[in-house]
Amino acid sequence: MPQPEPVGAPGPVAGVLGAVGRTPLVRLERLSPGPSARLYAKLESLNPGGSMKDRAAIGMVQGAIASGELVPGRSTVVESSSGNLGIGLAQVCRWYDLRFICVIDPKTTAQNIGILTAYGAELDTVTEPDNDLGDYLSARIKRVRELVLTVPDAYWPNQYANLLNARAQETVMREISEALDGRVDYLFVATGSCGTIHGCMRYIAEHGLRTRVVAVDAEGSAIFGAAPCRRLIPGHGAAIRSALYYDGIADSVTRVSDQDCVVGCRRLVGTEAILSGGSSGAVVSAVTQWLPRLPEDANCALILPDRGERYLDTIYSDAWVFEKFGDIRHLWKEQAAC
Ligand SMILES: Cc1ncc(COP(=O)(O)O)c(C=O)c1O
């Protein structure tokens, strides 16, 4: 039988940047086998650059073009990122004909290097870690400062202090709220630069929503004041607290171990057929801890920041998981069954 045309199907957009945002909000009906709060996943992997950081990249670059700090065809963007923001910026810089130097470190995956290079980004690699925990953030930022002083017409968006990073992420909360008619009881957000949580909180405050925001951070991350320790999974967590952080940026914080990220990812793909990145696994793991305490009529939104294809050699590699954690397959099977 012929299917009716969807009502109000979106028309064409002008250029790939017009395709950023308006990502699907998917009701998760299988993650929790018993009765539970209603879970909705915002699939940010479906942005054209593959993550929610497309929004931040566009917001920061377009803001700097509007203020005259960046001139298409002439300026150079310099930023530190080993992953999604770098890819988002590489895409936006290609679109606006801006040179882009991305400062990376030895932990940047071969796949991300390939993607950045394909968009035309130039890579500058720091080699000396900040400490013996394998962090490179301070070294990368130091290198960005050097480049900004020496490269002509260079501009540093500085995602860790740029309010436009946060302003751009208000759109994700607006889309979630509009899809749920303004009733978002809980929001689970992974934190790194704190741009996303800052933007969501701002939208919530400005629109008088009664949403409780749960920050999902990595064990060993310094954002919420814990002692730093070695972390395996990139994306969420940070070795330094960003200037976008403020006291009260979240109603609660849930810290998730690397192992629980893996379990969350494997469970999500096993139950809902969603192949997501490590911080999405952290969000799933956090919500799993919360579910027994949440009322059944609560609407819970989960922002899933990126896609799983970028983690095939780690989270979705049985050999890697076995090497790092031993045989933990029972953990995602047990959780799915309980
Ligand atoms: C996969 C992933 N998850 C979470 C985050 C944290 O988001 P934010 O920097 O907005 O706090 C990032 C940031 O790059 C990310 O790439």
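Data block above holds the structure.
All figures in this text were calculated on a predicted structure; none of them were measured in a lab. (Residues numbered from 1 in each chain as written. Predicted model: local features only at pLDDT ≥ 70, side-chain atom pairs only at ≥ 80, totals over all residues. Heavy atoms only, no water.)

Visitor: What am I meant to see in the packing of aromatic side chains here?
Guide: Aromatic ring pairs are defined here through the distance separating the ring centres and the angle between the ring planes. With the rule as written, the count across this model stands at 4 aromatic pairs. With centroids separated by 5.6 Å and ring planes inclined at 75°, the aromatic side chains of Phe224 and Tyr245 adopt a geometry described as edge-to-face. Here Phe224, found in the loop between strand S8 (212-218) and strand S9 (252-256), pairs with Tyr245, found in the loop between S8 and S9; they are 21 residues apart in sequence, far enough to count as distant. Pairing Trp320 with Phe325 gives two aromatic rings, centres 6.0 Å apart and planes at 75°, and the pair type is edge-to-face. You can call Trp320 buried: its relative accessible area is 13%. Among the aromatic residues, those joined into a ring-pair cluster are Tyr186, Phe188 and Trp290. The ring of Tyr245 has Arg241 sitting right over it, with the charged end atom 4.0 Å from the ring centre. Over the aromatic face of Trp290 sits the side chain of Arg293, whose NZ or CZ is 4.5 Å from the ring centroid. (Phe/Tyr/Trp six-rings, centres within 6.5 Å; stacked < 30°, edge-to-face > 60°. Helix = DSSP H or I, 4+ residues; strand = E, 2+ residues; numbered from the N terminus. Buried < 20%, exposed > 50% of the residue type's maximum accessible area, 1.4 Å probe, protein only. Lys NZ or Arg CZ within 6 Å of the ring centre and 35° of its normal.)

Visitor: Explain the sheet that holds strand S5 (residues 122-125) here, please?
Guide: Think of a sheet as strands paired side by side through backbone hydrogen bonds, with each pair either parallel or antiparallel. Read from one edge to the other, the open sheet built from 4 strands follows the order S5-S4-S3-S6, with strand pairing classed as parallel. The open sheet has two free edges, formed respectively by S5 and strand S6 (154-155), since each of these has just one partner strand. (Pairing = 2+ DSSP bridges.)

Visitor: Got a minute to help me understand the sheet that holds strand S2 (residues 38-43) in this structure?
Guide: Taken in spatial order, the 6 strands of this open sheet run S1-S2-S10-S7-S8-S9, and their pairing is mixed. Of all the strands in the sheet, just strand S1 (25-28) and S9 have a single pairing partner and so form its edges. Here the average twist between neighbouring strands, direction ignored, is 25°. (Axes fitted to C-alpha atoms, helices over the stretch in contact; angles between N-to-C directions.)

Visitor: Which parts of the structure should I look at to understand unusual backbone geometry?
Guide: For residues that are not glycine, phi is negative in most cases, and the peptide bond is trans in most cases. Phi angles above zero are rare outside glycine, and Asp97 is one such case at about 55°. Following the sequence through the fold, Asp97 ends up in the loop between helix H2 (84-95) and strand S4 (99-104). Assessed through its relative accessible area of 48%, Asp97 is described here as partly exposed. Backbone geometry places Asn158, a non-glycine residue, at a positive phi of 55°. Structurally, Asn158 is set in the loop between S6 and helix H5 (163-179).

Visitor: Looking at this structure, I do not really get the pattern of salt bridges. What am I missing?
Guide: Here the idea is simple: oppositely charged side chains can pair when their charged atoms come close. Enumeration over the complete set of coordinates arrives at 17 salt bridges. A salt bridge links Glu175 to Arg55; its shortest N-O distance comes to 2.9 Å. Highlighted residues: Glu175 in helix H5 and Arg55 in helix H1 (residues 53-66), separated in sequence by 120 residues. A salt bridge links Asp327 to Arg329, with the shortest nitrogen-to-oxygen separation between them at 2.9 Å. A relative accessible area of 40% means that Asp327 is categorised as partly exposed. Looking at Arg329, the relative accessible area reads 45%, which means it is partly exposed. One salt-bridge network, in which partners are shared between bridges, spans Lys42, Glu44, Arg55 and Glu175. (Salt bridge = Lys/Arg side-chain N within 4 Å of Asp/Glu carboxyl O.)

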